Amino acid sequence: MLRKFRVALLCLTLLISPLSAFAQGPAPDPDVQAKIRKEGMDNSQIMRVLHYFTDVYGPRLTGSPNHENSAKWAIKEMERWGFTNAHLESWNFGHAGWLNERASAHVISPFKEPLMIEVLGWTPSTKGTVTAQVYQLIPPAAPTEDEFKAFLDAERPKIKDKIVMVGKHAVLPVIINPPAKRMDDAQAKARFSGSPTAGGPGNRPGGPPQQPPAQPGQPKKLNAREVAERLDDFLLTGGALVRFNDSGMEQRRIRAFNNRTFDPSKNVPTAIISNEDYGRISRVLANGTPVEVEVNIVNRDYPEGKTSYNAIAEVPGTDKKDEVIMLGGHLDSWHAATGATDNAIGCATMMEAARIINALVKAGAIKAPRRTIRVALWSGEEQGLLGSQAYVKEHFGSAENPKPEFAKFGGYFNIDSGTGKARGMSVFGPEESAAGLRAALAPFEDLGFFGVLPSRSRGLGGSDHTSFNQAGLPGIGVAQDPIEYFNITWHTNLDTYERIIEDDAKKSAIVIAAAVYYLAVSDALLPRFAADQMPALPPARP
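Predicted model, so just to flag it, every value in this text is computed and none were measured. (Residues numbered from 1 in each chain as written. Predicted model: local features only at pLDDT ≥ 70, side-chain atom pairs only at ≥ 80, totals over all residues. Heavy atoms only, no water.)

Q: So what's going on with the overall build of the protein chain? Residues and values would help.
A: The helix and strand inventory of the protein chain stands at 15 helices and 16 strands. Against the 2.2 N^0.38 benchmark of 24 Å for 542 residues, the protein chain shows a C-alpha radius of gyration of 25 Å, consistent with a compact globule. When burial is assessed residue by residue, the protein chain has 55% of its 542 residues classed as buried. Intrachain contacts of the protein chain at a sequence separation of at least 6 include 87% that bridge at least 24 residues. Total accessible area on the protein chain stands at roughly 23,100 Å², and carbon and sulfur atoms take up 54% of it. The protein chain carries 60 positive and 60 negative side-chain charges, and their two centres are separated by 2 Å. (Helix = DSSP H or I, 4+ residues; strand = E, 2+ residues; numbered from the N terminus. Rg over C-alpha atoms; globule rule 2.2 N^0.38 Å. Buried < 20%, exposed > 50% of the residue type's maximum accessible area, 1.4 Å probe, protein only. Contact = heavy atoms within 4.5 Å. Areas by Shrake-Rupley, 256 points an atom, 1.4 Å probe, with all protein chains shown as cover. Lys, Arg positive; Asp, Glu negative; His and termini not counted. Charge placed at Lys NZ, Arg CZ, Asp CG, Glu CD.)

Structure follows, in structure tokens:
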């Protein structure tokens, strides 16, 4: 009890200390910032690191040997750079790892054509190569329980020993005016030097829309999840050989996520096929012509993947070494490609930012940081920010239930929106926290960086900085030029090394290195919300 009281008192002291102390710290040294620029531009290791994360170890699905090996390589590389305390920290993923090793599909009648496919994660292999006719199953929209049961009962005889395409073909409009790849400078400046927002840059939209409630006297409609669960069981018990889903994306792009149960025994072998292939087969079937397809899928389970790992390494501090400034990104990826923009480049950029500082310190060009700088490469982000949540819970606790390290924490920088250069940041904290960083980074407008906004949101979602925000800690999200992230590479089969813009990543690393070093040498920690002004946690999602 006494220990808890001391921890709470320490945290309270931190939260009520004058916010002006941070602003009164030393102004950024232009000479230091110039050296950071030169080191980042002349000696960058970003593309070398990216090569290993993507070409050698990609894809890096949580729980897979690929991810674990990439994390081990990162530890060794940071040790080679002179970082200290490099290690893996385990956390309980709770599901066996999974990887797709082989996947092919070909139409063999009435025409001959290879199909472009990606396998749904955590689904089973086919029993060797299977050849069967295709049947298209089109479930009703928003059925009641009785309506859906009647539909499935009528369809059951038609799916046995078939390859089942589930759903209508998605008709996609031609995009006449594609989204801009960059913010223009005026737009970025207006966005990041303007008024604060609830979530701030770097956050992403929340979950799917909720099913509207049933009207009085009307039977309840099944929601999308309930329909999916019943459909999975129906295909499995009904004897379907393989399931095909439409990618719903143009130009043969495919996103492949996972079986929601993470249990391959709950699904039939499942692949997402390109919208163009799905549409061609749909139209041929609609003509009354049978289509026969050959499929071979080989997946492997890894029971040891139930334990996953975050990769941690440090640049040691000096007189305030027990206080910590963190930076990082998620190292895990989806499996349709090698995870370059999501998020190998983010990890390479954050490693590089810390490397820049460490290299200058080792060369005697700048003073050693007062606070310890800690790099964290997370796993489990794609399954719900699991690795960073586990880390925050283990090390820091929360504003409501703090651990000793909570009071010693000085901010976590996160980057996770592709290859575009940094244009701004959001920080969970009062305006004073954003103002100090904004002033420190003002000299980097020539690199396209235009400001820092405060955020009050403790909502979890988007990326790993929100694991810190949720705990009441200053998570700092880096906002970037979109380039072709959300519309082209995000989670798709096009997310490869070739999509990276090296110059953008270098500029991001330089800005982040300057920000991290500024916090690491300031007299005071980044201001936080006072205890009586801490935003409340949002209500839990149903």
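Q: Would you mind going over the pairing of strand S15 (residues 452-455) in detail, with residue names and values included?
A: Taking every second residue as pointing to the same face, both faces of S15 are buried, with Val 452 and Pro 454 on one and Leu 453 and Ser 455 on the other. Direction of pairing for strand S14 (residues 422-428) relative to S15: parallel, over a ladder of four bridges. Pairing of Val 427 across the sheet is with Pro 454, part of S15. For the handedness criterion, the β-α-β arrangement of S14, helix H12 (residues 431-441) and S15 is classed as right-handed. (Pairing = 2+ DSSP bridges. Right-handed = clockwise from strand over helix to strand, strands pointing away.)

Q: Hey, could you go over the environment of Gly 410 for me, with residue numbers and the actual values?
A: Note on placement: Gly 410 falls in strand S13 (residues 409-415). For Gly 410, a relative accessible area of 1% corresponds to the buried category. Separated by 181 residues in sequence, Gly 410 and Glu 229 have C-alpha atoms that sit 44 Å apart. Aside from chain neighbours lying at most four places away, what touches Gly 410 is Val 324, Ile 325, Pro 474, Leu 519, Leu 525 and Leu 526.

Q: Please provide a residue-by-residue account of helix H6 (residues 145-159), values included.
A: Compared with the 21 Å implied by 1.5 Å per residue over 15 residues, the 20 Å span of H6 between its first and last C-alpha is a close match. Along H6, the sharpest change in direction is near 30° and occurs at Asp 153; proline Pro 157 comes one to four residues later. Every buried residue of H6 is listed here: Phe 148, Phe 151, Leu 152, Glu 155 and Ile 159. Those residues of H6 that are buried lie in contact with strand S5 (130-137), strand S6 (163-166) and helix H8 (224-238). Residue Asp 161 follows H6 closely and has a positive phi angle near 60°. (Expected span 1.5 Å × (residues − 1). Bend = angle between axes of the 7 residues up to and from the residue.)

Q: So, the side chain of Thr 419: which residues are in play, and what are the values?
A: Positionally, Thr 419 belongs in the loop between S13 and S14. The exposure class of Thr 419 is buried, given its relative accessible area of 5%. A distance of 2.7 Å separates the side chain of Thr 419 from the backbone nitrogen of Ile 501, its partner in a polar contact. (Polar contact = N/O pair within 3.5 Å; in protein donor to acceptor, adjacent residues only side chain to side chain.)

By themselves, these observations are geometric and do not establish any function.
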